[in-house]
Amino acid sequence: MDHPTTRRRRSSALHTAERWPITPFNRLFAPIYLLAVFALLYRHVTNLLLATSSPSSFTTTLALLVADFVLAFMWTTTQVFRMNPIRRREAVENLNDVVAEESELPGVDVFICTADPYKEPPLGVVNTALSVMAYDYPRDRLAVYVSDDGGSALTLFAFVEAAKFAARWLPFCERNRVVERNPAVYFGSNRGHPVDGEVEEIKTMYESMKHKVEHVVDAGKVDDQFIDGPKEREAFGKWSDKFTKHNHPTFIQVLLDSKNDRDVDGHVMPNLIYVSREKSSTSPHHFKAGALNVLLRVSATMTNQPIVLTLDCDMYSNDPATPRRAMCYLCDPNLGPENSAFVQFPQKYHGINENDIYAGEFQRLFQAMPMGADGLCGPHHVGTGCFFRRRAFFGSPSSPVEPEIPEVGPAHVVVGSVRSDSVLELAHRVAECNYENQTGWGSKIGYRYGSLVEDYYTGYRLHCEGWKSVFCCPQRPAFLGDAPISLADMLNQQKRWDIGLLEVAFSRFSTLTYGVRSSAGFLMSLGYCQNAFWPSWSIPVIVYSFLPQLAILNGLHIFPKATEPWFWLYPFLFLGAYAQDMLDFLLVGGTHQRWWSDQRIWLLRGLTCHLFAAVEYFLKYFLGIAAGFNVTSKVIDEEQSKRYDRGTFEFGVHSPMFVPPTAAALISLLALVHGLAVQVMTRGGGGWRDAPLLQLFVAGFGVVNGWPIYEAVGLRSDGGRMPVRTVVVSVALAWGCYVAAGFVLK
């Protein structure tokens, strides 16, 4: 019998799996392209051996060899995802055939993490929580835990108000079969909602809640006029002016209890629990991974549902049927429940401009690659929109790891209400900052510590232990979030990811060494290398952004001439890689223009966040200079938003990361003009055959991709133009590169 993942189509009562139609072409093209890659590397090695007497030739050939070797390695890791991609479709209507009663559906504990009420506005976090509380799922099987790592009374106040509003919002959504259950999205859309007294009343209630929350955030404190009753006064009385987001005790507040609280129609409400773990400047807190592990323990003592959904605070539910879609896989006996760890949904974003100028969709990372990995062990965990089996956090499928106390393990049966003294006492204890000392948390159980990208690292470790995963990508996005609309925010966010990825790549659990010997296997580990060594893209991008152009300016040929047979190898490699990449992009729903934006940002990352992340990582490794963790701002500047909607790049704030791409753009422009004017046009017709055509193409390609930089430097006068300071430093860097090249390349 064929293995399930190799069949053309596989069906079950709950879902179908279909192979990607372009797979045969990818399998045929890969060995042909690989032969061309070997030929190129052979040429570089041969030239290197012949260039030992010429320092300039040796230097340029060595640089090209290293750059092309990295490109070859990264291309190889990409092929893993092209060999057997799987597209799945779930049959939610058949779920009742497998799960006879609603009460038999697995319970879900939802984890939502936030850290700063000013960078992550509490109203947005509240809307995310309300959207999942209103799922089409038994309410007594839902518990929503909000982790507030900032320990802010402002966030707690927002959720106190949300609990009151939910009593009207949830039954309204059910009665009217509302699909957009984020109230801000529902009331802000123009889709012709029914206009009646109830709609207007609920909208008024939402606007009132919004006004209160925003007023409190603007004031920076919870005024007495907004505190309703002695219970709320007692809760907010726990805060002290001496508390900071880095030093405060544990706060756990049960806002809704499914056993006792009811909505306006008399139906049960889901559990809603606010958690702010104890933090101390003298104890490590392990960033988001530490917060999630606290939620794992706290939820185990209070509800301990077998399924855990992790969400970013800005990633709201866009489909109320999402839990049922996840259960089509988690409840399917044909998928092997004993070794299926999680169901990963793609990250999708709203508000992205027409051409997606910052490549915020991440079509390759969040759609193409997960589909490819689904044909192996399953998709990587990408931080949000993931339904975990709680058991997966406690050892391998065949060798469970028992926690330090049974009350935080997956088999614990909770007795009593979430508001009972005994339950709350234990919940507070397991949220203490020193609780994890001398335990397996972060190393053997829970989210794994050691990387800023705890999602990638934890998913990788689970696959190494023998767990599998599934990619679920319904036509209607399950979740929608906010993508950065500032170039600096986008690059800083990805620099943080890069540092975390390098922490995995060079750890004892490296994908190159540990992964290939684990249960994940060689191919899956090679696929993980695509992400782990993401920052290495900076090497070829830097080389090809500067070396060919500087060689033109110094009259040096580093590529074959048009009359040489080796010349045609380069167009084949370039066009083959780009055409295959574009085809992948289009097949997952992208457009030609968005693909162009994506490849331009790929080049930009190589000169910015990938480069700076590598520098920061090695400074930390060799000198002990640690990088801090910065929360990406979710606050939207109106002028920036307008420029973003117009498709205009944002360079308005000076950043060292803007300097290398600006210098590269200036050198490319100078090299192209110099090459056309001096090296080609002055030689007549015969000069074209001897001209450095490949170098001119590389320079021209840099100029075309650098157009937003030229606009920001000299053609714009708005607030997003390139700061003068950045331009001056970039010109100085470009001049320094030109002078240095004059010594090295001659």
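Just so you know, these numbers come straight off a predicted model, no measurement behind them.

Novice: How should I be thinking about the overall build of the chain in this particular structure?
Specialist: Within the chain one finds 25 helices and 14 strands. The C-alpha radius of gyration of the chain comes to 28 Å, within 12% of the 27 Å expected for a compact globule of 746 residues. If one aligns the C-alpha atoms of the chain with their principal axes, the spans along those axes are about 90 × 65 × 55 Å. Across the chain, contacts joining residues at least 24 apart in sequence account for 81% of those joining residues at least 6 apart. Accessible area of the chain: about 30,700 Å², with a carbon and sulfur share of 59%. Charge centroids of the chain, computed over 68 positive and 73 negative side chains, lie 6 Å from each other.

Novice: Hey, could you run me through the environment of P249 in this one?
Specialist: Turning to its location among the elements, P249 is positioned in the loop between α8 (229-236) and β6 (251-256). Sequence separation between P249 and W239 is ten residues, and the spatial gap between their C-alpha atoms is 9.4 Å. Ignoring anything within four residues of it in the chain, the contact list for P249 reads F243, S276, R277 and E278.

Novice: Looking at this structure, how should I read a nonpolar patch on the surface?
Specialist: On the surface, F506, V615, F618, L619, Y621, F622 and L623 cluster together into a nonpolar patch covering about 740 Å² of accessible area. With respect to the helices, strands and loops of the structure, F506 is situated in the loop between α14 (487-505) and α15 (521-532).

Novice: Explain the UniProt feature "binding site: Mn(2+)" (unreviewed entry) in the chain here, please?
Specialist: The residues that UniProt annotates with the feature "binding site: Mn(2+)" (unreviewed entry) are K288 and D312. In terms of the greatest pairwise C-alpha distance, the residues named above, spread along 25 residues, form a tight cluster of at most 10.3 Å across. Relative to the assigned elements, K288 resides in helix α9 (residues 287-302). When sequence neighbours within four positions are dropped, the list of residues in contact with K288 reads C113, D312, G383 and E454. Looking at the element boundaries, D312 is found in strand β8 (residues 307-312). D312 has contacts with T128, K288, G383 and T384, leaving out every residue within four places of it along the chain. Polar side-chain contacts of D312 include one of 2.6 Å to the side chain of K288.

Novice: Would you take a moment to explain the packing of aromatic side chains for this structure?
Specialist: The final tally for this structure, using the stated rule, is 58 aromatic pairs. Taken together, a centroid distance of 4.8 Å and an interplanar angle of 45° make the contact between F388 and F393 tilted. By relative accessible area, F388 is classed as buried at 0%. Put simply, the rings of F73, F506, F533, Y617, F618, Y621 and F622 touch in pairs and so form one group of aromatic residues. Just above the ring of W441 sits the side chain of R297; from NZ or CZ to the centre is 4.9 Å. One Lys or Arg, R461, reaches over the ring of F509 and ends 3.8 Å from the middle of that ring.

Novice: Quick question: what am I supposed to make of empty space enclosed by the protein here?
Specialist: A probe as big as a water molecule, rolled over the atoms, marks out the empty space that is left. This structure, assessed with the given rule, holds two cavities of 30 Å³ or more. In this structure, the largest cavity encloses a volume near 170 Å³. In terms of lining, the largest cavity is formed by 14 residues, of which the most central are F81, R82, A368, M369 and D584. Taken together, the elements giving at least two residues each to the lining of the largest cavity come down to α11 (363-373) and α17 (569-587). Along the lines of polarity and charge, the residues of the lining of the largest cavity split into nine nonpolar, two polar and three charged. Volume-wise, the second largest cavity comes out at about 30 Å³. What lines the second largest cavity is simply H557, F559, P560, K561, A691, P692, L693, L694 and Q695. Residues that form the lining of the second largest cavity fall into these classes: six nonpolar, two polar and one charged.

Novice: What is the right way to look at the sheet that holds strand β11 (residues 349-350) in this model?
Specialist: The strands making up a sheet associate through hydrogen bonds between their backbones, and the pairing can be parallel or antiparallel. Spatial ordering of the open sheet is given by β9-β14-β11, a layout of three strands whose pairing is mixed. Because the sheet does not close on itself, it has two edges, and the strands there are β9 (316-317) and β11. In this sheet, strand β14 (residues 479-482) lies alongside β9 in antiparallel orientation, the contact comprising two bridges. Paired with S317 across the two strands is F479, which belongs to β14.

Novice: I keep staring at the environment of D581 and nothing clicks. Help me out?
Specialist: Mapping D581 onto the fold places it in helix α17. Residues D581 and W595, spaced 14 residues apart in sequence, show a C-alpha to C-alpha distance of 8.8 Å. Those residues within four positions of D581 in sequence are excluded, and the remaining contacts are R82, R364 and W595.

Novice: Teacher, can you tell me more about the environment of P692 here?
Specialist: Note on placement: P692 falls in the loop between α22 (687-690) and α23 (693-705). Given the relative accessible area of 5%, P692 is considered buried. Taking the C-alpha atoms as reference, P692 lies 8.2 Å from I558; in sequence the two are 134 residues apart.

Novice: What am I meant to see in the confidence of the model for the chain here?
Specialist: Per-residue confidence for the chain averages 92 on the pLDDT scale, and 95% of its residues sit at or above 70. When pLDDT is averaged over each helix and strand of the chain, the minimum, 50, is found for strand β1 (residues 9-11) and the maximum, 98, for strand β12 (residues 386-389). A low-confidence stretch, residues 1-9 (pLDDT under 50), is modelled with 16 contacts involving residues beyond four sequence positions or located in other chains.

Novice: How should I be thinking about the UniProt feature "binding site: UDP-alpha-D-glucose" (unreviewed entry) in the chain in this particular structure?
Specialist: The feature "binding site: UDP-alpha-D-glucose" (unreviewed entry), as given by UniProt, occupies K119, E120 and D149 in the numbering adopted here. Spanning 31 residues, the named residues nonetheless gather at one spot, since no C-alpha pair among them exceeds 12.6 Å. You can see E120 is positioned in the loop between β4 (108-114) and α4 (122-133). You can call E120 buried: its relative accessible area is 8%. Here the side chain of E120 touches T114 through a polar contact of 2.8 Å, side chain to side chain. Looking at D149, the relative accessible area reads 10%, which means it is buried. In this structure D149 touches T114, A115, K245, H248, R277, K279, F287 and A291, once residues within four positions along its chain are discounted. A polar contact of 2.7 Å, which involves the side chain of D149, links it to the side chain of R277.

Novice: Sorry, what's going on with the sheet that holds β4 here?
Specialist: With respect to topology, eight strands assemble into an open sheet ordered β6-β7-β5-β4-β8-β12-β10-β13, the strand pairing being mixed. Of all strands in the sheet, those bounded by a partner on one side alone are β6 and β13 (468-471). Averaged over all pairs of adjacent strands, the angle between their axes in this sheet comes to 20°, without regard to strand direction. Across five bridges, the pairing between β6 and strand β7 (residues 271-276) is antiparallel. Counted as the bridge partner of Q253 is Y274 from β7. The strands that α9 touches are β4, β5 (142-148), β6, β7 and β8; relative to β4, the one it contacts most, it runs at about 145°.

About the thresholds
- Residues numbered from 1 in each chain as written.
- Predicted model: local features only at pLDDT ≥ 70, side-chain atom pairs only at ≥ 80, totals over all residues.
- Heavy atoms only, no water.
- Helix = DSSP H or I, 4+ residues; strand = E, 2+ residues; numbered from the N terminus.
- Rg over C-alpha atoms; globule rule 2.2 N^0.38 Å.
- Contact = heavy atoms within 4.5 Å.
- Areas by Shrake-Rupley, 256 points an atom, 1.4 Å probe, with all protein chains shown as cover.
- Lys, Arg positive; Asp, Glu negative; His and termini not counted.
- Charge placed at Lys NZ, Arg CZ, Asp CG, Glu CD.
- Patch = residues over 30% accessible without salt bridge, like charges linked within 9 Å, V, L, I, M, F, W, Y side chains within 5 Å.
- Salt bridge = Lys/Arg side-chain N within 4 Å of Asp/Glu carboxyl O.
- UniProt positions renumbered as here; feature names shortened; annotations may be inferred.
- Polar contact = N/O pair within 3.5 Å; in protein donor to acceptor, adjacent residues only side chain to side chain.
- Phe/Tyr/Trp six-rings, centres within 6.5 Å; stacked < 30°, edge-to-face > 60°.
- Buried < 20%, exposed > 50% of the residue type's maximum accessible area, 1.4 Å probe, protein only.
- Lys NZ or Arg CZ within 6 Å of the ring centre and 35° of its normal.
- 1 Å grid on protein atoms, 1.4 Å probe; cavity = no way out; pocket = protein on both sides within 12 Å on 5 of 7 lines; lining within 4 Å.
- Points joined across faces, edges and corners; volume = space filled by probe spheres on them.
- Nonpolar A, V, L, I, M, F, W, Y, C, P; charged D, E, K, R; others polar.
- Pairing = 2+ DSSP bridges.
- pLDDT = per-residue confidence, 0-100.
- Axes fitted to C-alpha atoms, helices over the stretch in contact; angles between N-to-C directions.

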